[in-house]
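Tertiary structure, described
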Amino acid sequence: MGLLQYQKEWTDDDSPVKVWEKSRRIGASFCDAFDSALVAAKDKAEGGMSTYYLSYNKDMTKQYVNDVAFWAKKIDLVASEVEEIVITDEDKDITIYQVRFASGNVVQGLSSNPSNLRSKQGRVRIDEAAFVDNLKELLKAALALVMWGGDVALMSTHNGEDSDFNELINEIRAGKKNYSLHRTDLDEALAQGLYKTICEVKGIEWSQDAEDAWRKSLIDDYGEGADEELFCVPSKSSGNWLNRNLIESCMDPIIPVLTWEPPAKDFVDWPLDTAFREVRDWMRGNVRPILDRLPTNCRHYLGEDFGRTGDLSVDWPLTRMPDLSLNTPFVLELRTAPFRTQEQILFYILDRLPRLSGVALDARGNGQAIAEYARQAYGPDLVAEVMLTTSWYREHTPRVKASLEDRSSTLPKSENIMEDFRGVKLVKGVPRIPEQSIKTATGQRHCDSFIAYTLAEFAAATIEPPQEWEAPITAGSSAAVALTRGYR
């Protein structure tokens, strides 16, 4: 069983970076595994290198390494059986699949976390690149290996016209990226003998009628997704849920994005009264002037996404204008803020938002405590403790897209916020947050500002404030003062 022409063109391409825009079911990963086995079997003096294969799916990773072992046996290369290595991590155990060659090189299958490429030298294969979390960060990590003589290959079917993968392909075609580009759809693969090879492997007789029937059955199986899955035509209904132009059209450069970080590494150990005064003074100098300028005749809402040591906490207020549009007065991002500090900052803002009419707080994990404190302080009629589930995203995120399309809301003009909003993926018809966080120049993010904004929109749409607005009192005036003592 030999390689087909399009597979040979791929394995013969020794470009530092190459990209394959492809149909499913054409043997792309299989032929690349053949190439990886050949390269790994060579001594380093002869150009041999290790290969690191990454994808979003554990089964795909295992299959690729199994294919490497298959090719090694078929062409009599000295290599081990597939090994399964379990690495204990603080969050969860990580399984690595690998084949070791007598040359000392390995072919390893890893998850698509960019940190997996640290301290590595050799070749990188990113399979189904359109579906991995944060392709840009992963590609950036992979390109570091090119500096030391390695190479990078990306193979994928499409995942929407707004995906990072399609954006990369467009940049290559526009001459912005000097990468090698391959394209093979189902009909091109069939014309070069794909179905004949399938018949050979299965031991059945080829005929044109049988090939036509097989092609039709594939197209029928994929239904409306056939153009994207089989013919390299990116769909408008998957990939990044929000496109850059839509987001940017709602951005206003005058809206500030404020960031609070601990003034010292040991801030969490400062005496409470000292820490409170430090935060209070910062809020007075940076946030209070904006709060004082808010229109007192308009209702205000707030959404908060919670993070502690990794991702951000983001507080996103909204002003309901007389024309019913929602304006963002500012966004406040907190990085590594202690729990008490986050409570202090949240209450400081809520106490000063004119006609506070609804608050929606991320109540997952550690955020549940602060959400509960806010509910106790401001009342269950005003504060919603939200568990962010697939069904919640399905029901409430369409409101966000509609607001952007209608230009009835405003966002700060910020690249970080742009990436947070563009990071939302459409998964089985539901806008979802990727499982993995991403690292930026300013630190780790996980679509935090998008979640905070969505929660603020949710509060504005679903929480019914009193007809005649009154400041919320939950436990009597003296108790309310006690609850907020130290925050002012």
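Note that the structure is a prediction, hence the values are computed from the model and not measured. (Residues numbered from 1 in each chain as written. Predicted model: local features only at pLDDT ≥ 70, side-chain atom pairs only at ≥ 80, totals over all residues. Heavy atoms only, no water.)

Time to look at helix 8 (residues 208-222). For helix 8, with 15 residues, the first-to-last C-alpha span of 21 Å sits near the 21 Å given by 1.5 Å per residue. Restricting attention to buried positions, one finds in helix 8 the residues Glu211, Trp214 and Leu218. On an axial view of helix 8, the arc spanned by its buried residues comes to 60 degrees, and they lie on one face. The exposed residues of helix 8 that point more than 90 degrees off its buried face are Asp209 and Lys216. Looking at the buried residues of helix 8, the elements they touch are helix 6 (186-191), helix 7 (194-202) and helix 9 (226-231). Downstream of helix 8 by a residue or two, Gly223 has a phi angle that is positive, lying close to 55 degrees. (Helix = DSSP H or I, 4+ residues; strand = E, 2+ residues; numbered from the N terminus. Expected span 1.5 Å × (residues − 1). Buried < 20%, exposed > 50% of the residue type's maximum accessible area, 1.4 Å probe, protein only. Arc of directions from axis to C-beta. Contact = heavy atoms within 4.5 Å.)

Here the focus is the packing of aromatic side chains. Evaluation of the coordinates by the stated rule reveals 20 aromatic pairs. With 4.0 Å between their ring centres and 15 degrees between their planes, Tyr53 and Tyr64 make a pair best called stacked. Highlighted residues: Tyr53 in strand 2 (residues 51-55) and Tyr64 in helix 3 (residues 58-74), separated in sequence by eleven residues. Among the residues examined, Tyr53 registers a relative accessible area of 1% and is labelled buried. Look at Tyr64 and you get buried, because its relative accessible area is 1%. Ring centres of Trp260 and Phe267 lie 5.5 Å apart, and the angle between their planes is 65 degrees; on these two criteria the pair is classed as edge-to-face. (Phe/Tyr/Trp six-rings, centres within 6.5 Å; stacked < 30°, edge-to-face > 60°.)

With 40 residues, the main nonpolar core has Leu242, Trp316, Val386, Leu404, Leu411, Phe421 and Phe450 as its most contacted residues. Residue assignment for this core shows that the elements contributing at least two residues are helix 10 (244-249), strand 13 (313-320), strand 17 (383-386), helix 15 (390-405), helix 16 (415-422) and helix 17 (448-462). Ranked by residues supplied to this core, first place goes to helix 17 with nine residues. Once residues within four sequence positions are removed from consideration, Val386 is found in contact with Ala360, Leu361, Asp362, Ala363, Arg364, Trp392, Leu455 and Phe458. The next biggest cluster of nonpolar side chains, apart from the first, holds 36 residues, and it includes Ile26, Cys31, Ala33 and Ala37. (Core = buried A, V, L, I, M, F, W, Y, C linked by side-chain atoms within 4.5 Å.)

So, on to the pairing of strand 1 (residues 17-22). With six of its six residues buried, strand 1 lies for the most part within the structure. Here strand 1 shows no split at all, with Val17, Val19 and Glu21 on one side and Lys18, Trp20 and Lys22 on the other all buried. Two strands pair when backbone bridges link them, and strand 1 and strand 7 (residues 152-156) are joined in this way by five bridges, in the parallel orientation. If you follow Val17 over to strand 7, its bridge partner there is Val152. (Pairing = 2+ DSSP bridges.)

Extensive coverage of strand 13 is indicated by the burial of seven of its eight residues. Note: strand 13 against strand 14 (residues 326-327), two bridges, orientation antiparallel. Opposite Thr319, over in strand 14, you have Asn327 as the bridge partner.

Counted at 1.5 Å a residue, the expected span for helix 15 with its 16 residues is 22 Å, and the 23 Å between its end C-alpha atoms agrees. Most pronounced at His396, the bend in helix 15 amounts to some 35 degrees, and the proline Pro398 follows within four residues. Listed in full, the buried residues belonging to helix 15 are Trp392, Tyr393, His396, Thr397, Val400, Ser403 and Leu404. Where helix 15 is buried, its residues touch helix 10, strand 17, strand 18 (411-412), helix 16, strand 20 (430-432) and helix 17. Of the residues one or two after helix 15, Arg407 is the one with positive phi, at around 55 degrees. (Bend = angle between axes of the 7 residues up to and from the residue.)

Turning next to the state of the cysteines. Tallying each qualifying case throughout the model produces zero disulfides. No disulfide involves Cys31; its sulfur sits 14 Å from the nearest other cysteine sulfur, which is in Cys232. The exposure class assigned to Cys31 is buried, which follows from its relative accessible area of 0%. The closest cysteine sulfur to the non-disulfide-bonded Cys250 is located on Cys447, 17 Å from its own sulfur. For Cys250, a relative accessible area of 4% corresponds to the buried category. (Disulfide = S-S within 2.5 Å.)

Right, let's talk about the pattern of salt bridges for a bit. By the definition in use, this model includes 27 salt bridges. Between Asp151 and Arg125 there is a salt bridge, and its shortest N-O distance comes to 2.6 Å. Of this pair, Asp151 sits in the loop between helix 4 (135-146) and strand 7 while Arg125 sits in strand 6 (residues 123-127), placing them 26 residues apart in sequence. As far as burial versus exposure is concerned, Asp151 and Arg125 are alike and both buried. Between Glu167 and Arg422 there is a salt bridge, and its shortest N-O distance comes to 3.4 Å. Of this pair, Glu167 sits in helix 5 (residues 164-173) while Arg422 sits in helix 16, and the two are 255 residues apart along the sequence. Judged by relative accessible area, which is 4%, Arg422 ranks as buried. The network of salt bridges with common partners includes Glu21, Arg173, Arg183, Asp185 and Glu188. (Salt bridge = Lys/Arg side-chain N within 4 Å of Asp/Glu carboxyl O.)

On to the packing of helix 4 against helix 5, then. It is the contact of helix 4 with helix 5, at a shortest axis distance of 9 Å, that shows an interaxial angle of 60 degrees. When the interaxial angle is binned, helix 4 and helix 5 end up oblique. When helix 4 is examined against helix 5, the residues Leu135, Lys136 and Leu139 are found in contact with a partner set consisting of Asp164, Phe165, Glu167 and Leu168. A per-class count over the contact of helix 4 with helix 5 returns four nonpolar, no polar and three charged. (Axes fitted to C-alpha atoms, helices over the stretch in contact; angles between N-to-C directions. Parallel < 35°, antiparallel > 145°, perpendicular 65-115°, else oblique. Nonpolar A, V, L, I, M, F, W, Y, C, P; charged D, E, K, R; others polar.)

On their own, these measurements won't tell you what the molecule is for.
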